[in-house]
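Structure at a glance
Listed below, chain by chain, are the residues.
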Amino acid sequence: MRISGWGRYPVVECATASARGIVDVQRLLAGHTSLIPRGNGRSYGDASLNPELTLSMTNMDRFLAFDSESGHLTCEAGATLADILASFAPRGWFPPVVPGTKFVTVGGMIAADVHGKNHHAVGSFGSHVESLCLVTGDGKVLRCSRTEHPQLFSATLGGMGLTGVIVSAVVRLTPIASQYLDTETLATSDLDATLQTLEESHAWPFNVAWVDASARGANLGRALVTRGRWATKTGRADIPDTLPRSRPVRLPVDFPSGLLNGLVGRAFNELYYRLGRSRSGRPQLADYDAFFFPLDGIGEWNRVYGRKGFLQFQCALPPGTGRQGVAQLLQAIPGSGAHSYLAVLKLFGPSGEGLISFPIEGTTLALDFPATRHSVALLGRYDQIATSLGGRVYLAKDACTTAARFKEGYPNVNAFSQVRRKAPAKGSVFESMLSKRLAL
């Protein structure tokens with residue numbers, strides 16, 4: 001069938017199969033020389049696409065055990081973040097790290113070593129994975145952790161599914177006092193003020209900046225910085241016991257591809273900034289859905305970009321280069337023929353354990369663009385800017401970077417390849433269009 005990542009670019013004809021258990025995984029491995037496991041298809045580009053065989057893991061979605069003392073949840077790799085939240089958030093437990101959507105699988109979160117609004121405080125998702133079970137290229141099932149097959153464990157965190165098929169994992173959940181957060185949003189006037197506000201927000205567990213990608217001149221980098229912390233119910237009557245019931249608004253059709261032009265982009269960014277500025281500094285109570293997953297309120301929001309899809313560029317820049325790099329990226333948009341409608345800026349804490357995990361200490365910026373030849377050309381310039389400053393591109397979002405640029409940004413790529421190809425991994429069977437594009 002023809003499938004794609006969340007960005008709907010590229011769209012590829014792939015043979016597909018679905019696993020309901022470890023035996024299915026082993027059988028399919030024995031019958032194929034090349035495959036890639038796939039979760040819920042929420043990586044943006046070509047990371048979960050293999051024309052020879054794309055193996056869906058969504059039917060392996062059971063919870064296997066939960067320790068209410070330690071918060072350790074054992075589950076199959078196809079269990080989604082939404083499943084975990086629905087079952088455990090009302091009981092006072094929450095995943096320690098969540099990305100911008102809850103419609104991702106545990107296996108996918110490990111493979112991408114996802115990060116959230118609290119990376120500066122707790123690191124990436126892989127830091128909270130106690131162990132995982134991996135089916136390797138020879139069909140063996142290995143339990144991997146920091147003490148058992150530690151090199152393979154490190155390569156699997158952020159390894160984009162290229163070391164084996166994750167079939168289950170033990171993840172450490174964290175206790176929460178309620179399902180709500182105390183939040184505030186601060187409007188900033190330019191890039192320096194945005195970065196300063198993020199730095200001053202380090203004491204908040206969660207913070208993120210929406211950046212007006214259309215702003216120019218003295219307003220370059222102006223933003224809405226949102227920060228939050230879990231709310232406690234003690235002595236408060238404004239915190240409900242349950243979440244409000246809501247259903248996502250569904251987009252029934254694809255928007256016309258040419259609808260999102262520069263004029264619409266500038267108008268949207270201006271309106272969004274003004275609305276945010278009108279609430280600047282005002283404390284607000286938000287449920288976790290509204291705070292962590294605002295775009296999930298629009299089902300299939302990727303259809304806004306039309307049938308041609310969209311591209312997202314996300315890079316991480318090391319300390320001392322964030323201001324320069326973000327400015328260069330924003331300044332490259334005018335005159336490029338590309339237009340960004342969503343730009344998100346965060347500060348990262350120390351790098352994680354994964355050999356090719358994305359987060360490095362410093363600054364990260366993500367921008368969305370409709371998939372056009374102008375956007376592809378701009379992302380090529382973006383790659384050059386990021387790597388020239390010692391940065392790197394997020395593989396879970398990428399659809400365009402080259403093997404050379406990738407290797408510049410990931411110094412541990414040779415160590416990763418060695419772990420992947422030697423026993424007990426025997427990982428050469430695990431391939432994706434991304435791995436082939438990057439010569440991994």
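Residues numbered from 1 in each chain as written. Predicted model: local features only at pLDDT ≥ 70, side-chain atom pairs only at ≥ 80, totals over all residues. Heavy atoms only, no water.

**Details of the packing of helix H6 (residues 191-200) against helix H9 (residues 322-331)**
Describing two packed helices takes the angle between their axes plus the distance from one axis to the other. Running from amino to carboxyl end, H6 crosses H9 at an angle of 135 degrees, the nearest separation of the two axes being 11 Å. In terms of orientation, H6 lies oblique with respect to H9. When the axes of H6 and H9 are compared, the crossing they make is right-handed. Of the residues in H9, those touching H6 at Leu-191, Asp-192 and Leu-195 are Arg-323, Val-326 and Ala-327. Looking at the contact of H6 with H9 residue by residue, the class counts come to four nonpolar, no polar and two charged. (Axes fitted to C-alpha atoms, helices over the stretch in contact; angles between N-to-C directions. Helix = DSSP H or I, 4+ residues; strand = E, 2+ residues; numbered from the N terminus. Parallel < 35°, antiparallel > 145°, perpendicular 65-115°, else oblique. Left-handed = near helix turned anticlockwise from the far one by under 90°. Contact = heavy atoms within 4.5 Å. Nonpolar A, V, L, I, M, F, W, Y, C, P; charged D, E, K, R; others polar.)

**Thoughts on the pattern of salt bridges**
Pairing between side chains becomes possible if they bear opposite charge and their charged atoms approach one another. Counting across every chain of the model gives 21 salt bridges. Glu-184 is the partner of Arg-227 in a salt bridge, and the nearest nitrogen-oxygen pair spans 2.5 Å. A residue pair is termed long-range when its members are at least 10 positions apart, and Arg-227 in strand E15 (residues 223-230) and Glu-184 in strand E13 (residues 180-188) qualify at 43 residues. Neither Arg-227 nor Glu-184 differs from the other in exposure class; each is buried. Here Glu-270 and Arg-274 are joined by a salt bridge, their closest N and O atoms 2.7 Å apart. Here the residue Glu-270 and the residue Arg-274 both occupy positions in helix H7 (residues 262-278), the gap between them amounting to four residues, near one helical turn. Each of Arg-8, Asp-254, Arg-303 and Arg-307 takes part in salt bridges that share partners, so that together they form one network. (Salt bridge = Lys/Arg side-chain N within 4 Å of Asp/Glu carboxyl O. Buried < 20%, exposed > 50% of the residue type's maximum accessible area, 1.4 Å probe, protein only.)

**Looking at empty space enclosed by the protein**
Under the definition given, this model contains two cavities of 30 Å³ or more. Taken as a whole, the largest cavity encloses approximately 40 Å³ of empty space. Looking at the largest cavity, the residues that line it are Thr-387, Arg-392, Val-393, Leu-395, Thr-401, Arg-405, Phe-406, Gly-409 and Tyr-410. Looking at the lining of the largest cavity, the elements with two or more residues in it are strand E22 (392-393) and helix H11 (403-409). Among the elements that make up the lining of the largest cavity, the one with the highest residue count is H11 (three residues). Here the lining of the largest cavity is built from residues that sort into four nonpolar, three polar and two charged. (1 Å grid on protein atoms, 1.4 Å probe; cavity = no way out; pocket = protein on both sides within 12 Å on 5 of 7 lines; lining within 4 Å. Points joined across faces, edges and corners; volume = space filled by probe spheres on them.)

**Thoughts on helix H1 (residues 22-30)**
Turning to H1, its buried residues are Val-25, Leu-28 and Leu-29. Down the axis of H1, the buried side of the element spans an arc of 105 degrees, and every buried residue falls inside it. When the buried face of H1 is taken as reference, the exposed residues oriented beyond 90 degrees from it are Val-23, Arg-27 and Ala-30. (Arc of directions from axis to C-beta.)

**What about the layout of surface pockets?**
Quantified by volume, the second largest pocket comes out at close to 470 Å³. Lining the second largest pocket are 21 residues, and of these Lys-102, Leu-243, Pro-244, Ser-246 and Asp-289 lie nearest its centre. Counting residues per element, the ones that place at least two in the lining of the second largest pocket are helix H2 (81-88) and helix H8 (288-292). Classifying every residue of the lining of the second largest pocket by side-chain character gives 12 nonpolar, three polar and six charged.

**As for helix H10 (residues 373-388)**
Here H10 is 16 residues long and its end C-alpha atoms lie 23 Å apart, about the 22 Å a rise of 1.5 Å per residue gives. Where H10 is buried, its residues contact strand E19 (310-317), H9, strand E21 (362-370), E22 and H11. Just downstream of H10 lies Gly-390, where phi reads positive at about 85 degrees. (Expected span 1.5 Å × (residues − 1).)

**Regarding the pairing of E19**
Judged by how many residues are buried, E19 sits mostly within the fold: eight of eight residues are covered. Neither face of E19 is exposed, since Phe-310, Gln-312, Gln-314 and Ala-316 on one face and Leu-311, Phe-313, Cys-315 and Leu-317 on the opposite face are all buried. Pairing between E19 and E21: eight bridges, direction antiparallel. Bridging from a neighbouring strand, Cys-315 pairs with Leu-365 of E21. Examined bridge by bridge, E19 and E22 share two bridges and lie antiparallel to one another. If you follow Cys-315 over to E22, its bridge partner there is Val-393. (Pairing = 2+ DSSP bridges.)

**As for the side chain of His-119**
Mapped onto the elements, His-119 comes out in helix H4 (residues 119-122). Under the relative-accessibility criterion, His-119 is labelled buried at 2%. Among the polar contacts made by the side chain of His-119, one reaches the main-chain amide nitrogen of Gly-349 at a distance of 2.9 Å. Contacts of His-119, omitting those with residues within four sequence positions, involve Ser-124, Phe-348, Gly-349, Pro-350 and Pro-359. (Polar contact = N/O pair within 3.5 Å; in protein donor to acceptor, adjacent residues only side chain to side chain.)

**A look at the environment of Asp-83**
With respect to the helices and strands, Asp-83 occurs in helix H2. Between the C-alpha atom of Asp-83 and that of Thr-105, which follows or precedes it by 22 residues, the distance is 9.1 Å.

**Some thoughts on the sheet that holds strand E7 (residues 72-76)**
Paired through their backbone hydrogen bonds, the strands of a sheet run either parallel or antiparallel. Spatially, the five strands line up as an open sheet ordered E6-E7-E11-E9-E10, and their pairing is antiparallel. Two strands in the sheet have a free side with no partner beyond their single neighbour: strand E6 (63-67) and strand E10 (141-145). Along the sheet, successive strands turn relative to each other by an average axial angle of 15 degrees, direction set aside. Contacting strand E9 (129-135), E10 and strand E11 (165-172), H1 runs over the sheet at an angle of about 50 degrees to E9. Across the sheet, H2 lies against E6 and E7, angled at about 45 degrees from E6, the strand it touches most.

**Here's the deal with the packing of aromatic side chains**
The geometry of an aromatic ring pair is captured by the separation of the ring centres together with the interplanar angle, meaning the angle of the planes. Enumeration according to the criterion identifies 23 aromatic pairs in this entry. Consider the rings of Phe-406 and Tyr-410, whose centres lie 4.9 Å apart with planes at 35 degrees: the pair is tilted. Since its relative accessible area comes to 2%, Tyr-410 is described here as buried. Ring pairing ties together the aromatic residues Phe-94, Phe-206, Trp-230, Tyr-288, Phe-291, Phe-292 and Phe-293, which thus form one cluster. The positively charged end of Lys-117 is found above the aromatic ring belonging to Phe-291, 5.7 Å away from the centroid. Note that Lys-397 overlies the ring of Tyr-44, its terminal NZ or CZ placed 5.0 Å from the centroid. (Phe/Tyr/Trp six-rings, centres within 6.5 Å; stacked < 30°, edge-to-face > 60°. Lys NZ or Arg CZ within 6 Å of the ring centre and 35° of its normal.)

Nothing here speaks to function; it is geometry throughout.
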